[in-house]
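If you want the building blocks of each chain, they are given just below.
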Amino acid sequence: MTQSPLTLSVAFHIGPVAITTPVVATWGIMLLLAGGGWLLTRRLSLHPSSRQAALELVVEAIETQIRDTMQVEPAPYLPLIGTLFLFIFTANWSSLVPGVEPPTAHLETDAALALIVFLAVSYFGIRVQGLRGYLRTFAEPSMIMIPLNVVETLTRTFSLVVRLFGNVMSGVFVIGIVLSLVGLLVPVPLMALDLLTGAVQAYIFSVLAMVFIAGALGDRNAPGNKDVLGNRYVQGDRAVLVDGTETKSEGG
Amino acid sequence: MDWVKIVSILGAALAVSFGAIGPALGEGRAVAAAMDAIARQPEAANTISRTLFVGLAMIETMAIYCLVIALLLLFANPYVH
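What you see is a predicted model, and the numbers here were worked out from it, not measured in a lab.

Visitor: Please provide a residue-by-residue account of the overall build of chain B, values included.
Guide: From N to C terminus, chain B includes 2 helices and 0 strands. At 18 Å, chain B has a C-alpha radius of gyration far larger than the 12 Å of a compact globule built from 81 residues. Its C-alpha atoms give chain B principal-axis dimensions of about 60 × 15 × 10 Å. Here chain B holds 81 residues, and 23% of them are scored as buried. Of note, chain B has its 4 positive side-chain charges centred 3 Å away from the centre of its 5 negative side-chain charges.

Structure representation (structure tokens):
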């Protein structure tokens, strides 16, 4: 019988406090990301080395995604979204290291991440619209919708938890079962699939965080603006802002 | 083996098997529609596939919920001691 995915194994004790393995793995990943970030950005120059160019590529890719999805300037949201994506991505792929179980395969880590998103939605909503403006978004179409909107805010946070937990945990679980049946080479394709799922789930978690935050920012960023051709819409919009305002009023 | 355990195992199997049907049909429809859209407008393929991935994850979540329920029944059942 495989071990239950809901229980936690204790790594060691500090006094009376039990430190579980996901906590150790989380701190390892945090050290890796923070130390790697510090090492790579120590000597930044205007003529980038290949290492700096690769790093800039990652940052710019995340910036582009934020701009496309949220239709706003990405600067205030880049630290949060980028950190979320990089952390979940590294956590999901940490199963590549033998003996390490992804911390995202446990409910507690996912709950903490979703709580961060939940608080960030309120924070950015209040910062952009003010407290009254943010609270007014709950009564958006009409007053009758208030309970539904409150419930939606809670359930979408809960589904954020269960989505990440279920996907990563089921991958770990299936690999555990297959490993206990046949050891050699058979689990390899499943592990590759698990890596793909991990990357996609990290992407989806950050995209959903972006969508939730953008929804709290107000009418300008209503979902209606995000049609399938969101990319073009942004470029068209910017072109109008840069040089088209005059011509538009002349035409009208 | 008491009845609660038997019913729990049956419930877990039923949750996963029937819970997989709906998301499977839904994902099939979504991918078909995205293929159609990319065939009509190949230049929008990037945006379409991005939206498709997010949508697929949303649909897949329904199946994952069933899996979580099944695992709760098997491993964290409050009625089995």
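From this point, things continue past the structure.
Visitor: Outline helix 2 (residues 50–70) of chain A, supporting the account with residue identities and numerical values.
Guide: Residues and elements named next belong to chain A. Across its 21 residues, helix 2 extends 30 Å between first and last C-alpha, which sits within 8% of the 30 Å expected from 1.5 Å per residue. Regarding helix 2, the residues found buried are Gln52, Ile62, Ile66, Asp68, Thr69 and Met70. Within two residues after helix 2, Gln71 carries a phi angle of roughly 60 degrees, on the positive side.

Visitor: So what's going on with the packing of aromatic side chains? Residues and values would help.
Guide: Residue and element names in this part refer to chain A. In this structure the tally under the stated criterion is 6 aromatic pairs over all chains. Put simply, the rings of Tyr77, Tyr123 and Phe124 touch in pairs and so form one group of aromatic residues. Cation over ring: Arg42 sits above Trp38, and NZ or CZ is 5.1 Å from the ring centre. Lying over the aromatic face of Phe212, Arg156 brings its terminal NZ or CZ to 4.3 Å of the ring centre.

Visitor: Describe unusual backbone geometry, listing the residues and the values that go with them.
Guide: All names here are of chain A. In the Ramachandran plot, Gln71 falls in the positive-phi region, its phi being about 60 degrees despite a non-glycine side chain. Topologically, Gln71 is positioned in the loop between helix 2 and helix 3 (78–93). With relative accessibility at 14%, the residue Gln71 sits in the buried group. The phi torsion at Leu185 lies on the positive side, around 65 degrees, for a residue other than glycine. For Leu185, the position within the fold is in the loop between helix 5 (146–181) and helix 6 (187–216).

Visitor: A description of the interface of chain B and chain A should follow, citing residues and the corresponding values.
Guide: Counting residues at the interface gives 20 residues for chain B and 27 residues for chain A. Here chain B meets chain A over a buried area of about 1,900 Å², counting both sides, of which 74% is carbon and sulfur. The interface formed by chain B and chain A contains 0 salt bridges.

Visitor: Provide a residue-level description of the confidence of the model for chain A, including the pertinent values.
Guide: All names here are of chain A. Chain-level pLDDT for chain A is 81 on average; 85% of the residues reach the 70-or-more range. Mean pLDDT in chain A bottoms out at helix 7 (residues 230–251), which sits at 40, and peaks at helix 3, which reaches 94. Below pLDDT 50 for its whole length, residues 221–252 participates in 31 contacts with residues either more than four positions away or in separate chains.

Visitor: Before we move on, could you go through the packing of helix 5 of chain A against helix 6 of chain A and cite the residues and values that matter?
Guide: Residue and element names in this part refer to chain A. Two elements in contact, helix 5 and helix 6, have axes separated by 10 Å at closest approach and are oriented at 175 degrees. When the interaxial angle is binned, helix 5 and helix 6 end up roughly antiparallel. Here Arg156, Leu160, Arg163, Leu164, Asn167, Gly171, Val172, Val174, Ile175, Val178 and Leu179 of helix 5 come into contact with helix 6, specifically with Pro187, Leu190, Met191, Asp194, Thr197, Gln201, Ile204, Phe205, Leu208 and Phe212. Taken together, the residues of the contact of helix 5 with helix 6 break down into 14 nonpolar, 4 polar and 3 charged.

Visitor: Can you explain the packing of helix 1 (residues 21–40) of chain A against helix 3 of chain A? Please cite residues and give values.
Guide: Residue and element names in this part refer to chain A. Helix 3 packs onto helix 1 with a crossing angle of 125 degrees between their chain directions and a minimal axis gap of 10 Å. With respect to helix 3, the element helix 1 is oriented oblique. Seen along the crossing, helix 1 lies across helix 3 with a hand that is right-handed. From helix 1, Thr26, Ile29, Met30, Leu32 and Leu33 reach across to helix 3, where they touch Leu86, Phe87, Thr90 and Ala91. Partitioning the contact of helix 1 with helix 3 into residue classes produces 7 nonpolar, 2 polar and no charged.

Visitor: Describe empty space enclosed by the protein, with residues and values.
Guide: Residue and element names in this part refer to chain A. One pass over the full model with this rule turns up 3 cavities of 30 Å³ or more. For the largest cavity, the calculated volume is near 60 Å³. At the level of elements, helix 5 and helix 6 are the ones that each hand at least two residues to the lining of the largest cavity. In terms of residues, the lining of the largest cavity owes the most to one element, helix 6, which gives 5 residues. Per-class residue counts for the lining of the largest cavity are 3 nonpolar, 6 polar and 1 charged. A volume near 40 Å³ is recorded for the second largest cavity. Around the second largest cavity, the lining residues are Ala114, Val117, Phe118, Val121, Thr153, Arg156, Thr157, Leu160 and Phe212. Secondary-structure elements contributing two or more residues to the lining of the second largest cavity are helix 4 (107–136) and helix 5. The class makeup of the residues in the lining of the second largest cavity is 6 nonpolar, 2 polar and 1 charged.

The rules behind these values
Sequence order sets the numbering: in each chain, residues are counted from 1 along the sequence as written. Whichever chain is written first becomes A and whichever ligand is written first becomes 1, with later ones labelled in order. Totals for whole chains, interfaces and linings use all residues, but because this is a predicted model, local features are given only for residues with pLDDT of at least 70 and pairs of side-chain atoms are given and counted only at 80 or more. Hydrogen atoms and water are omitted, and side-chain values are computed over all heavy atoms in the structure. Elements are defined by DSSP. Helices are runs of H or I of four residues or more, strands are runs of E of two residues or more, and each kind is numbered from the N terminus. To get the radius of gyration, use the C-alpha atoms; to get the globule rule, take the number of residues to the power 0.38 and multiply by 2.2 Å. Categorising residues by exposure relies on relative accessible area from a 1.4 Å probe, with only protein chains included: less than 20% of the type maximum marks a residue as buried, more than 50% marks it as exposed, and the intermediate range marks it as partly exposed. His is not counted, nor are the chain ends, whereas Lys and Arg count as positive and Asp and Glu as negative. Note on charges: their place is set at NZ of Lys, CZ of Arg, CG of Asp or CD of Glu. Helix span is expected to be 1.5 Å times the residue number reduced by one. Between the rings of Phe, Tyr and Trp (Trp by its six-membered ring), a pair exists once the centres lie within 6.5 Å; its type follows the angle of the planes, with under 30 degrees stacked, over 60 edge-to-face, and the other angles tilted. Two limits define a charge over a ring: the Lys NZ or Arg CZ must be within 6 Å of the ring centre, and within 35 degrees of the ring normal. Residues count as neighbours in contact if any of their non-hydrogen atoms are within 4.5 Å of one another. Each of two parts loses accessible area, computed with a 1.4 Å probe, when they are put together; buried area is these two losses added. The salt bridge criterion pairs a side-chain nitrogen of Lys or Arg with a carboxyl oxygen of Asp or Glu, the two atoms within 4 Å. What pLDDT conveys is the predictor's confidence in a given residue, as a value from 0 to 100. Every axis in this analysis is a line fitted to C-alpha atoms, fitted for helices over the stretch in contact. Angles between the N-to-C directions lie between 0 and 180 degrees. An angle below 35 degrees is read as roughly parallel, one above 145 as roughly antiparallel, one from 65 to 115 as roughly perpendicular, and any other as oblique. Each residue gets one of three labels, nonpolar for Ala, Val, Leu, Ile, Met, Phe, Trp, Tyr, Cys and Pro, charged for Asp, Glu, Lys and Arg, and polar for the others, Gly among them. Handedness of a crossing is defined here by the sense of rotation of the near helix relative to the far one, left-handed for an anticlockwise turn of less than a right angle and right-handed for a clockwise turn. A pocket, in this scheme, is an open set of points on a 1 Å grid over the protein atoms alone with protein on both sides within 12 Å along at least 5 of 7 lines, while a cavity is a set where a 1.4 Å probe fits but cannot get out; residues line either one if an atom lies within 4 Å of a point. Grid points are joined across faces, edges and corners, and a volume is the space filled by probe spheres set on the points.

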